[in-house]
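# Commentary on secondary and tertiary structure
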Amino acid sequence: SERTRRGQALRYPMEDLGLATTLILKLSRKLSYEELLTALRGLCLTAVPELGPAAFDFAHLPWKKLAVVNFTSPEVCARCYNAFSVMLHPVAVPAPRLKGVKGAHGAVANPRPLIVDLKLAERQGLADNLHFWCLRSADFHQNQPRVFSNGFQVDLAMLCVQLVELATLEQVGFFRAFPGAWQRWPPPRNPPATAAAASRMPRLP
C-alpha cells in the first residue's frame, strides 16, 4: 500500500513495486537533458554498478523540474527506487566549531538533493511511454524524450515505429514528421495490409 507524509515523497515498500519499470522524479532545480542524463548515469552507477548507464532506456523532461525515467527491468527499477529514496532529504551534519566564536554547536544540512520526490508513473514500460508521447506531442521535433539501448542513445523515430502501434502513428501524423522512419527501420510486423492504409504512407521523393 502507498504511504504518504506531508512534505515527503510518495513511498512504496519494495514488495509493492511489482512489475513497475517507470518512475517519476521531481527535481530540485531545472535541468537540461544533458544535465539530467549525466545525473542519471552517475546515480545508476551507484544503484546498479554492473549496468551503470545501461540501467535505463527512456528519459523525458515533460517539465524542467520533472523527469520520467524507464528502467530496463522491474528488478533494476526497484534497486534504483531504493537507492534514490535514500537521497530524498538533506542529512543534518555537525557544524564545525569556529575558534573564538561563542555559541552553541549546531548542525547544518547538506546541499538539497537533486531528487526531492519519487513515485511510480501511471504509464509503465518503454512502449507505453513512447505511445503516450506520440499521442500528446504537439510538435514531434520539440522536447523529444531520449531513448537508449545498452546505454547508447538510439533514434527515437525508428524506435517508435518498432514499438508503437501503426494505427496510432498514422492517427497522429507521425510519418509526416518523420517521412523516412518506416523505410529506415523494418519493424517486426507486416506493412499496412490494405490499399487505403498503404496510400496513407509517406512517399519519398
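Residues numbered from 1 in each chain as written. Predicted model: local features only at pLDDT ≥ 70, side-chain atom pairs only at ≥ 80, totals over all residues. Heavy atoms only, no water.

## Here's the deal with the overall build of the protein
Put simply, the rule is: Strands are runs of DSSP state E lasting at least two residues, helices are runs of H or I lasting at least four, and both sets are numbered from the N terminus onward. Each residue is assigned to one of three classes by its accessible area relative to the maximum for its type, calculated with a 1.4 Å probe on protein chains only: buried under 20%, partly exposed between the two thresholds, exposed over 50%. Pairs of residues are marked as contacts when any of their non-hydrogen atoms sit within 4.5 Å. Per-residue accessibility takes into account occlusion by the displayed protein chains alone, with areas from the Shrake-Rupley method and a 1.4 Å probe.
Each helix and strand in the protein was counted, giving 8 helices and 8 strands. Taken over 205 residues, the protein has a buried fraction of 42%. Considering only residue pairs separated by 6 or more positions, the protein has 64% of its internal contacts joining residues 24 or more positions apart. Surface exposure of the protein reaches about 12200 Å², of which carbon and sulfur atoms provide 54%.

## What to know about the sheet that holds strand 6 (residues 115-120)
The condition is simple: Note: two strands are recorded as paired if DSSP finds a minimum of 2 bridges between them. Axis geometry follows a simple rule: fit a line to the C-alpha atoms, using only the stretch in contact for helices, then measure angles between N-to-C directions, giving values from 0 to 180 degrees.
One open sheet holds the 6 strands; their spatial order is 6-1-3-2-7-8, and the pairing between them is antiparallel. Of all strands in the sheet, those bounded by a partner on one side alone are strand 6 and strand 8 (152-154). Pairs of neighbouring strands in the sheet enclose a mean axial angle of 25°, with direction left out of account. The pairing of strand 2 (residues 56-63) with strand 3 (residues 66-71) spans 5 bridges and is classified as antiparallel. Note on strand 3: the bridge partner recorded for Phe56 is Phe71. The strands touched by helix 3 (residues 126-136) are strand 1 (22-27), strand 2, strand 3 and strand 7 (146-149); relative to strand 2, the strand with the most contacts, the crossing angle is about 30°.

## Observations regarding helix 1 (residues 33-47)
Stated precisely, the cut-off is as follows: A helix is expected to span 1.5 Å for every residue after the first. Picture the helix axis, draw a direction to every C-beta atom, and the arc is the one those directions span.
Taking 1.5 Å per residue as the helical rise, helix 1 with its 15 residues ought to reach 21 Å, and the 20 Å between its terminal C-alpha atoms agrees with that figure. Every buried residue belonging to helix 1 is among Tyr33, Leu36, Leu37, Leu40, Leu43, Cys44 and Ala47, and all of these are buried. Each buried residue of helix 1 sits inside an arc of 130° when the element is viewed along its axis, so together they form one side. Residues Glu34, Thr38 and Thr46 are exposed on helix 1 and point more than 90 degrees away from its buried face. Those residues of helix 1 hidden inside the fold are in contact with strand 1, strand 2, strand 3, helix 2 (74-86), strand 6 and strand 7.

## Details of helix 2
With 13 residues, helix 2 extends 19 Å from end C-alpha to end C-alpha; this agrees with the ideal 18 Å at 1.5 Å per step. Looking at helix 2, one finds that the buried residues are Val76, Cys77, Ala78, Cys80, Tyr81, Ala83, Phe84 and Ser85. Residues of helix 2 that are buried make contact with strand 1, helix 1, strand 3 and strand 6.

## Focus on the confidence of the model for the protein
Here is the rule we go by: Here pLDDT means the predictor's own confidence in every residue, given as a number from 0 to 100.
Per-residue pLDDT for the protein has a mean of 78; in total, 69% of the residues score no lower than 70. A low-confidence stretch, residues 1-10 (pLDDT under 50), is modelled with 22 contacts involving residues beyond four sequence positions or located in other chains. This model gives residues 189-205 a pLDDT under 50, and the stretch forms 24 contacts once residues within four places in sequence are excluded.

## Some thoughts on the pairing of strand 2
Note on strand geometry: in a regular strand, side chains alternate between the two faces of the sheet. Counting buried positions over the 8 residues of strand 2 gives 6, a clear majority of the element. Between strand 2 and strand 3, which follow one another and run antiparallel, lie 2 residues.

## Structural notes on the nonpolar core
Our working rule: By nonpolar core we mean a set of buried residues, namely Ala, Val, Leu, Ile, Met, Phe, Trp, Tyr and Cys, connected to one another through side-chain atoms within 4.5 Å.
One finds Leu23, Leu25, Leu27, Phe56, Phe71, Cys80 and Phe84 to be the most contacted residues of the largest nonpolar core, which totals 33 residues. Contributions of two or more residues to this core are made by strand 1, helix 1, strand 2, strand 3, helix 2 and strand 6. Not counting residues up to four positions away in its chain, the partners in contact with Phe56 are Leu37, Leu40, Arg41, Cys44, Val69, Asn70, Phe71, Thr72 and Phe148. Formed by 23 residues, the second largest nonpolar core is a distinct cluster that contains Val68, Leu169, Phe175 and Trp182.

## Quick look at the pairing of strand 3
Summarising burial for strand 3: 5 of the 6 residues are buried, a large majority. As paired elements, strand 1 and strand 3 share 5 bridges and run antiparallel to each other. Looking at strand 3, one finds that Leu25 is bridged to Ala67.

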